[in-house]
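# What the coordinates show
The lines below spell out each chain.
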Amino acid sequence: MKFIDEFRDPVLATELVRRIRATAKQPWVLMEVCGGQTHSLLRHGIDVELQGAVELIHGPGCPVCVTDISAIDLAQQLASLPGVVLASFGDMLRVPGSQGSLLTARATGGDVMMVYSPVDAVRHAQSHPDQQVVFFAVGFETTAPATALAVLQAHQLGLTNFSVLVSHVRVQPAMEALMQAPDNRVEGFLAAGHVCSITGYDSYDSFAKRHRVPVIVTGFEPVDLLQGILECVTQLETGTAEVRNSYGRSVERLGNPAAQRVVDTVYEIDDRAWRGFGVIPAGGYRLREEYATFDAQRRFGLTRSAEKNDPTDTKRCRAGDVLSGRLKPCDCPEFGKACTPDSPLGAPMVSSEGACAAYFRYHRGSLT
Ligand code: SF4
């Protein structure tokens, strides 16, 4: 076991690997939903340790990767407007849209500012009343509370020069889309621990029953991941399909009600285009009418291009197939050749949570 010696708790990890192998009578196909879990699985070699017992396929849980091309195009347009500063997390700057990335927009004169939090963007708007500051709000249920708080803060301050390009997405509707796909291979889910710490996992009960698929709320440390996998494999071997919480130290059944209240105050559920999936019903959020004055699209009269909301990426990039678990990154013809972290062709190679970046970094597939 070349990896497990490096674990914080190698004895427990070794025992969990042994038990998973002893329990799995056939190789089960499990999907970890979160990109952070993908990186941890590969960094610690868990995919290698469990070869033959479990096939891990990687889900759409990288927020940068699933942000639709139409949203990036809008962000670029906004950055190019006179007097507008587009504030974004750093990971988004290199993600390609149909006309290049936000870095391209910056190189051609657009005003793009990297921030670490939406509150930074609010502060900038406060101290620069001559500028219109637009925050590019991407991410899952984990980041939506922070952008909702930023909107509330801007509202309380009476800022008229702050707005938000809302591109938040919701995880469970994407899991629904995966299960409904005719070529779905997922037999069990490791649900994303961080998302469930906000949303809870009550709503997964009906999902697990409807699709007859185990859903195990799972953390990010190697032992967390192995415990989630063991629970999933045990259920599959016994014909059970239930929701279990293997991340009890961070996740409660009902999640974080205070964060949910903030999100519900500012946002309502909306259909949303996902890169690699197309439009997913109830797959995202939009600002409620009471806060529509902070909607950057309305403020600047921009509309998303429906024609870009299709499930394909660029011609060469197979991000759609990677994000839906249909293709391993190393099986993309461009992987490690035309597409590397230094010269990425698609979002999953750009993002620190992207599956292609993980395969490259940890030498899977053709690089091994
Ligand atoms: S390896 Fe590159 S080109 Fe291929 S799917 Fe991943 S990001 Fe796209």
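First things first, this report covers the structure right here in the doc. Each chain carries its own residue numbering, running from 1 in the written order of its sequence. Reporting of local features is limited, given that this is a predicted model, to residues whose pLDDT is at least 70; pairs of side-chain atoms are given and counted only at 80 or more, and all residues count toward the totals for whole chains, interfaces and linings. In computing side-chain values, all of the structure's heavy atoms are included and hydrogens and water are not.

Here a strand is any run of E in DSSP of at least two residues, a helix any run of H or I of at least four, and the numbering for each starts at the N terminus. Summing up its helical and strand segments, the chain has 17 helices and 11 strands in all. The C-alpha extent of the chain, read off along each of the three principal axes, is 65 × 45 × 40 Å. In the chain, buried positions account for 57% of the 368 residues. Residue pairs at least 24 apart in sequence account for 78% of intrachain contacts in the chain once pairs closer than 6 positions are excluded. Note that accessible areas follow from Shrake-Rupley with a 1.4 Å probe, and for residues the cover is restricted to the protein chains shown. Roughly 15,200 Å² of accessible area belongs to the chain as shown, and the carbon and sulfur atoms make up 51% of that amount. Think of it this way: Lys and Arg go in the positive column, Asp and Glu in the negative one, and His and the chain ends go nowhere. Think of each charge as sitting on NZ of Lys, CZ of Arg, CG of Asp or CD of Glu. Looking at charge distribution, the chain has the averaged site of its 35 positive side-chain charges lying 2 Å from that of its 41 negative ones. Only protein chains enter the accessibility calculation, which uses a 1.4 Å probe; a residue is then buried when its area is under 20% of its type maximum, exposed when over 50%, and partly exposed in between. Contacts are residue-level and defined by heavy atoms, with any inter-residue pair within 4.5 Å sufficient.

Take the pairing of strand E10 (residues 267-274) next. Here, a strand pair is defined by DSSP locating no fewer than two bridges between the strands. The pairing of E10 with strand E11 (residues 278-287) spans 7 bridges and is antiparallel. Across the sheet, the residue bridging to Ala-273 is Val-279, located in E11. What sits between E10 and E11 in their antiparallel hairpin is a turn of 3 residues, with Gly-276 showing a positive phi close to 90°.

Any pair of Phe, Tyr and Trp rings, taking the six-membered ring for Trp, is counted once the centres come within 6.5 Å. Such a pair is stacked with planes under 30 degrees apart, edge-to-face with planes over 60 apart, and tilted for the rest. Throughout the structure, instances matching the rule amount to 8 aromatic pairs. Between Phe-89 and Phe-135, the ring centres sit 5.4 Å apart and the planes meet at 85°, which makes this aromatic pair edge-to-face. With Phe-89 in the loop between strand E3 (84-88) and helix H6 (102-107) and Phe-135 in strand E5 (residues 132-139), this pair connects stretches of sequence that are 46 residues apart. When the centroid spacing of 6.3 Å and the interplanar angle of 75° are considered together, the rings of Phe-335 and Phe-360 count as edge-to-face. Here Phe-335 is found in the loop between helix H15 (319-323) and helix H16 (347-350), whereas its partner Phe-360 is found in helix H17 (residues 355-361), with 25 residues between them in sequence. Grouping aromatic residues by their ring pairs yields a cluster made of Phe-140, Trp-274 and Phe-277.

To count as a disulfide, a pair of cysteine sulfur atoms needs to be within 2.5 Å. Applying the stated criterion across every chain yields a total of 1 disulfide. In this model Cys-62 forms its disulfide with Cys-65; the gap between the sulfur atoms is 2.3 Å. Its torsion about the S-S bond being 70°, the disulfide of Cys-62 and Cys-65 is classed as right-handed. Side by side, Cys-62 and Cys-65 carry an identical accessibility label, which is buried.

The subject of this paragraph is the sheet that holds strand E7 (residues 188-192). Spatial strand order, E2-E1-E7-E8-E9: 5 strands in an open sheet with parallel pairing. Looking at strand neighbours, the two that pair on one side only are strand E2 (54-61) and strand E9 (243-245), the edges of this open sheet. For this sheet the average axis-to-axis angle between neighbouring strands, irrespective of direction, equals 25°. Sheet topology places strand E8 (residues 215-218) next to E9; 3 bridges connect them, and they run parallel. If you follow Val-215 over to E9, its bridge partner there is Val-243. The strands touched by helix H2 (residues 35-43) are strand E1 (28-34), E2, E7 and E8; relative to E1, the strand with the most contacts, the crossing angle is about 125°. Inter-axis angles, ranging from 0 to 180 degrees, are taken between N-to-C directions of lines fitted to C-alpha atoms, where helices are fitted over the stretch in contact.

Right, let's get into empty space enclosed by the protein. Put plainly, a pocket is an open set of points on a 1 Å grid over the protein atoms alone with protein on both sides within 12 Å along at least five of seven lines, a cavity is a set where a 1.4 Å probe fits but cannot get out, and a lining residue has an atom within 4 Å of a point. Grid points are joined across faces, edges and corners, and a volume is the space filled by probe spheres set on the points. Under the defined criterion, the tally for this structure stands at 4 cavities of 30 Å³ or more. Reported here for the largest cavity is a volume of approximately 100 Å³. Looking at the largest cavity, it is lined by 13 residues, and the ones nearest its centre are Cys-317, Arg-318, Cys-332, Cys-339 and Cys-356. Contributing elements (two or more residues each) for the lining of the largest cavity: H15 and H16. For the lining of the largest cavity, the per-class residue count stands at 10 nonpolar, 1 polar and 2 charged. When residue character is reported, Ala, Val, Leu, Ile, Met, Phe, Trp, Tyr, Cys and Pro are called nonpolar, Asp, Glu, Lys and Arg charged, and the others, Gly included, polar.

Throughout this description, the term nonpolar core refers to a set of buried Ala, Val, Leu, Ile, Met, Phe, Trp, Tyr and Cys residues connected via side-chain atoms within 4.5 Å. By size, the foremost hydrophobic cluster in this structure holds 61 residues, and its most contacted members are Phe-136, Phe-189 and Tyr-204. The greatest single-element share of this core, amounting to 6 residues, is contributed by helix H5 (residues 69-80). Setting aside anything within four residues of it in sequence, one finds Tyr-204 in contact with Val-171, Gln-172, Met-175, Cys-196, Val-215 and Val-243. Leu-41, Val-322, Met-349 and Ala-355 belong to the second-largest nonpolar core, a separate cluster that totals 36 residues.

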